[in-house]
Amino acid sequence: MKTRYSLLFLAFSVSLVFYLGSCSGKKQQQSTEKERLPYALVIHGGAGTIKPKNMDAETKAQYEKALNEALDIGENILKNGGTALDAVENVIVYLENSPLFNAGKGAVFTYEGHNELDASIMDGKTHKAGAVGGVTIVKNPIRAARAVMEKSPHVLLTCAGANRFAIEQGLDTVSPEYFYTESRWEALQRRLEKEKKKEPVGAREEPDAHKFGTVGCVALDKQGNLAAGTSTGGLTAKRWNRIGDSPIIGAGTYADNATCAVSCTGHGEYFIREAVAHDMSARMAYLGESVQEAGEHIINEKLKAIGGAGGLIAIDQYGQIAMPFNTSGMYRGYVTPDERKVGIFK
Ligand code: ASP
């Protein structure tokens, strides 16, 4: 009897050892499958009704050149061991200085004919974040957002106070006329005309390539840290100091080293209501979804179902990326040590 029990026990122990062995084998396999890229960076320049028939070859080439130059700036920083935060900030500064995008220099006009700019940045390692909304004289709102994060005890500063903070921090300021561009001014006039005629003016249905162009960047650096940032002029003809999702942490921007870094673009009110950027991180953390699964679900199911037009860029801790959008186009691009791509249309 005793020998029978001993034999049974022996057989049980042997199979347990084999079972545990195969489990750790699986684990090992999983972690090698998910090797972390040394660095990766993704950008967007806005999502909307961007169709090939509305864009001539020269304009297309201009956008592709700008997207590639932005990727160059980010890749240089990351390749040389720079931080994800520095890459995100400097890429966005470049895009803000370009008149092509609805951020910084190329910001759209408010109903009253002014420019009010929003931006935010978040560090996935520390969960620190900074943002500005409705600034009117700050040349690079993303720099002001970073200063809020690093030099103030706050997360979000707005309007006159945010302008004053930027001046106190010694950031570059400009006179409001700096933000004038003819194409954005004309877009406002067209919009006001429509409103006068009481034609329906959905927030994003106008087939005008110049109407879009919020910018964003997410990055993974060689230390394994993630960061995200977003900058915008908001929506053409916005009123009453309207602020969109771009400077709202958890809506337009979010970063957490344990999950992902996200930057959104689109009809901001929907992105705020659905807390889109944080939802990306939450789905990955609580449901175990990949960055692509979470992005697809939020943009092409959840937001689409309620009429929320737009897209996002996201990157996870391994350098896996997602760039889903439910509009006809999104200016976008990514770079890793072995790949680089830019795109505009679906
Ligand atoms: N999300 C921005 C806003 O609503 C606009 C955009 O991304 O085009 O302010």
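Residues numbered from 1 in each chain as written. Predicted model: local features only at pLDDT ≥ 70, side-chain atom pairs only at ≥ 80, totals over all residues. Heavy atoms only, no water.

S.K.: Would you take a moment to explain the overall build of the protein chain for this structure?
M.R.: The secondary structure content of the protein chain amounts to 9 helices and 12 strands. A total of 346 residues make up the protein chain; the buried ones form 54% of that total. Contacts in the protein chain between residues at least 24 apart in sequence constitute 70% of all its contacts with a sequence separation of at least 6. Accessible surface, the protein chain as shown: approximately 15600 Å² in total, 55% of it carbon and sulfur. (Helix = DSSP H or I, 4+ residues; strand = E, 2+ residues; numbered from the N terminus. Buried < 20%, exposed > 50% of the residue type's maximum accessible area, 1.4 Å probe, protein only. Contact = heavy atoms within 4.5 Å. Areas by Shrake-Rupley, 256 points an atom, 1.4 Å probe, with all protein chains shown as cover.)

S.K.: Can you walk me through the packing of helix α2 (residues 57-79) against helix α3 (residues 84-97) in this structure?
M.R.: When two helices pack together, you describe them by how their axes are tilted relative to each other and by the distance separating the axes. Running from amino to carboxyl end, α2 crosses α3 at an angle of 155 degrees, the nearest separation of the two axes being 9 Å. As far as their axial angle goes, α3 and α2 are roughly antiparallel. The handedness of the crossing between α2 and α3 is right-handed. On α3, the residues that touch Ala 66, Glu 69, Ala 70, Ile 73, Gly 74, Ile 77 and Leu 78 of α2 are Ala 84, Asp 86, Ala 87, Asn 90, Val 91, Tyr 94 and Leu 95. (Axes fitted to C-alpha atoms, helices over the stretch in contact; angles between N-to-C directions. Parallel < 35°, antiparallel > 145°, perpendicular 65-115°, else oblique. Left-handed = near helix turned anticlockwise from the far one by under 90°.)

S.K.: Just checking my understanding: could you explain the nonpolar core for this structure?
M.R.: In globular proteins that are soluble, nonpolar side chains generally tend to be buried together. If you look at the biggest cluster of nonpolar residues, it comprises 52 residues, and the most contacted ones within it are Leu 41, Ile 43, Phe 101 and Tyr 331. Considering every element that reaches this core, the biggest residue donor is α3, with 8 residues. Dropping the residues within four chain positions of it, Ile 43 is found in contact with Leu 67, Ala 70, Leu 71, Val 91, Gly 216, Cys 217, Ile 313, Tyr 331, Arg 332 and Gly 333. Ala 129, Leu 226, Ala 314 and Ala 322 belong to the second largest nonpolar core, which has 35 residues in total. (Core = buried A, V, L, I, M, F, W, Y, C linked by side-chain atoms within 4.5 Å.)

S.K.: Can you help me understand the pairing of strand β3 (residues 129-135) in this one?
M.R.: Along any regular strand, the residues point their side chains to alternate faces of the sheet. Where burial is concerned, most of β3 is hidden: 7 out of the 7 residues are buried. The pairing of strand β2 (residues 117-123) with β3 spans 5 bridges and is antiparallel. Paired with Leu 117 across the two strands is Val 135, which belongs to β3. From the end of β2 to the start of β3, which pair antiparallel, there are 5 residues, and His 127 there has a positive phi angle of about 65 degrees. The pairing of β3 with strand β4 (residues 156-158) spans 3 bridges and is parallel. Residue Ala 131 lies in a different strand from β4, and its bridge partner there is Leu 156. Note that the unit made of β3, helix α4 (residues 141-151) and β4 has a crossover that is left-handed. (Pairing = 2+ DSSP bridges. Right-handed = clockwise from strand over helix to strand, strands pointing away.)

S.K.: Just checking my understanding: could you explain the confidence of the model for the protein chain for this structure?
M.R.: Interpretation of this model should avoid reading the predicted coordinates in detail wherever pLDDT is low. Averaged over all residues, the pLDDT of the protein chain is 90; the fraction at 70 or higher stands at 87%. Of the regions scoring below 50 in pLDDT, residues 16-32 engages in 0 contacts with residues more than four places distant in sequence or in other chains. Every residue in residues 203-210 scores below 50 in pLDDT, and together they form 31 contacts with partners more than four places removed in sequence or on other chains. (pLDDT = per-residue confidence, 0-100.)

S.K.: For this particular structure, what's the right way to read the site of the ligand?
M.R.: In the vicinity of the ligand there are 11 residues, among which Thr 214, Arg 242, Asp 245, Thr 265 and Gly 266 approach most closely. One nitrogen or oxygen atom from the main chain of Gly 268 is found 2.9 Å from an oxygen atom belonging to the ligand. Coverage of the ligand by the protein amounts to 100% of the 270 Å² it exposes when considered alone. Classifying every residue of the shell around the ligand by side-chain character gives 1 nonpolar, 7 polar and 3 charged. (Near = heavy atom within 4 Å. Polar contact = N/O pair within 3.5 Å; in protein donor to acceptor, adjacent residues only side chain to side chain. Nonpolar A, V, L, I, M, F, W, Y, C, P; charged D, E, K, R; others polar.)

S.K.: Please clarify how the pattern of salt bridges should be interpreted in this entry.
M.R.: Where charged atoms from two side chains of opposite charge approach closely, those side chains can pair. Within this structure, the stated rule accounts for 15 salt bridges. For Arg 143, the salt bridge is made with Glu 89, and the minimal N-O distance between the two is 2.7 Å. Linking Arg 143 in helix α4 with Glu 89 in helix α3, this pair joins segments that are 54 residues apart in sequence. According to the relative accessible area criterion, Arg 143 is partly exposed, its value standing at 29%. Here Glu 274 and Lys 302 are joined by a salt bridge, their closest N and O atoms 3.8 Å apart. Note that Glu 274 is positioned in the loop between α7 (268-273) and α8 (276-287) and Lys 302 in helix α9 (residues 291-305), a separation of 28 residues in sequence. By relative accessible area, which is 24% here, Glu 274 ends up partly exposed. On the basis of relative accessibility, which here comes to 28%, the residue Lys 302 falls in the partly exposed class. Connected via shared salt-bridge partners are Asp 86, Glu 89, Arg 143, Arg 146 and Glu 150. (Salt bridge = Lys/Arg side-chain N within 4 Å of Asp/Glu carboxyl O.)

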